[in-house]
Amino acid sequence: MHKAVISGTGLHTPANSISNEELVVSFNAYVQQFNADNAEAIERGEITALTESNAAFIEKASGIKSRFVIDKAGILDPQRMIPRIPERSNEEWGILCEMAVGAAKEALQRAGKTVADIDGVIVACSNLQRAYPAVAIEVQAALGINGWGYDMNVACSSATFGIQAATTAIQTGQARAVLMVNPEICTGHLNFRDRDSHFIFGDAATAVIVERADLATSQYQWDIVGTKLLTQFSNNIRNNFGFLNRAAEEGIGAPDKLFVQEGRKVFKEVCPMVAELIAAHLDENQLNVSDVKRFWLHQANLNMNLLIARKLLGRDAEEGEAPVILDTYANTSSAGSVIAFHKHQDDLPSGALGVLSSFGAGYSIGSVILRKH
């Protein structure tokens, strides 16, 4: 069995960003028009009037201040409120591939590797733009990698599950190095007309190089001490969009074909599950929570992260113990915990212990214990 390390990470973000204030102006314009168009039905009690949003509510509820997006104009147009992403011909690289390649190039650079060193590609994300061919094989072709590639989806936990899969490939000798990428266009499945969720998501792509420890030369190495995964079925986070929708005309265009969640239930049920899994994972590796210098948690909601850290530490996390990138990036699904890791790892000394954890729909939870090389 070969030992595996993470030797490089990368991040790609779109050029456009939307502030809470900009998002609220668009949303409130839609609300005002909806209420005006349906005034009589609202008066009769047949339709419920919509309520406006505000930036202070968004930040208090989530910790989010802005988000990067693939398309800004389409989202902010009150008549559309959907990103405009033109179709590309089959001869062009797809948009998920393009984002993944952008993140992959930085990860390769930090790892000190070329595409000739990579034997496998895993694309792990919440939403794939098509059923086949696999986006991972497209990324493999775009970068010029020989070997294999496949897609996987465990919603917001896709990155930690992807790291686990890459680690297994390294340990068993199936690959010398694996590129694991998380291209997330979350705004494509977000209902921007829903007050409770219109602010949640942003777009980004992350990449992680997992390779054999004896072949690694990077100054950014992290030993993979262990991985632990858990899934438990729940409908509290769901998206019913899929290829069978065309066979059930009655559901076309329904709200459940976009992201929907029971936020309060998710908060109440997931936070203790995450804290318990991380604590158990550390214990299985004869490690104490107090040994961990940093927790890179999934970036879904600031209050969730604060509570998980408090449950683990028995106190509020100090600055730097559980870094938050929500304010700038919002929830980027599987990319979020990797963004936190990518941006908040270089200051830690050799031997420092950290935990990368993601959690979300499924329910699914992943924990990766890392030690700075």
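As the structure is a prediction and not an experimental result, all values here were calculated from the model.

Q: What is the right way to look at the packing of aromatic side chains in this model?
A: Pairs of aromatic rings are described using the distance from one ring centre to the other and the angle between the two planes. A full pass over the atoms with the stated rule returns nine aromatic pairs. Plain terms: the ring middles of Phe27 and Tyr30 are 6.5 Å apart, the flat faces sit at 55° to each other, and that makes the pair tilted. In this pair, Phe27 and Tyr30 are both assigned in helix α1 (residues 20–37), three residues apart and thus about one turn of the helix distant. Look at Trp222 and Phe341: their rings are 5.7 Å apart centre to centre, the planes differ by 70°, and that puts the pair in the edge-to-face class. Residue Trp222 is located in strand β8 (residues 222–231), and its partner Phe341 is located in helix α11 (residues 335–343); the two are separated by 119 residues in the primary sequence.

Q: What's the story with the pairing of strand β13 (residues 364–372) in this structure? I'm lost.
A: Two faces belong to every sheet, and in a regular strand the side chains alternate between them. Judged by how many residues are buried, β13 sits mostly within the fold: eight of nine residues are covered. In this sheet, β13 lies alongside β8 in antiparallel orientation, the contact comprising nine bridges. Paired with Trp222 across the strands is Lys372, a residue of β13. Once strand β12 (residues 353–360) ends, the chain turns through three residues before running back antiparallel as β13, passing Gly362 with a positive phi of about 145°.

Q: Sorry if this is basic, but what is going on with the UniProt feature "domain: Beta-ketoacyl-[acyl-carrier-protein] synthase III C-terminal" (unreviewed entry) in the protein chain here?
A: UniProt annotation of "domain: Beta-ketoacyl-[acyl-carrier-protein] synthase III C-terminal" (unreviewed entry) refers to residues 282–371 when read in the numbering used here. Between the end C-alpha atoms of residues 282–371 the distance is 12 Å, and the span holds 31% helix and 24% strand.

Conventions used here
Residues numbered from 1 in each chain as written. Predicted model: local features only at pLDDT ≥ 70, side-chain atom pairs only at ≥ 80, totals over all residues. Heavy atoms only, no water. Phe/Tyr/Trp six-rings, centres within 6.5 Å; stacked < 30°, edge-to-face > 60°. Helix = DSSP H or I, 4+ residues; strand = E, 2+ residues; numbered from the N terminus. Buried < 20%, exposed > 50% of the residue type's maximum accessible area, 1.4 Å probe, protein only. Pairing = 2+ DSSP bridges. UniProt positions renumbered as here; feature names shortened; annotations may be inferred.

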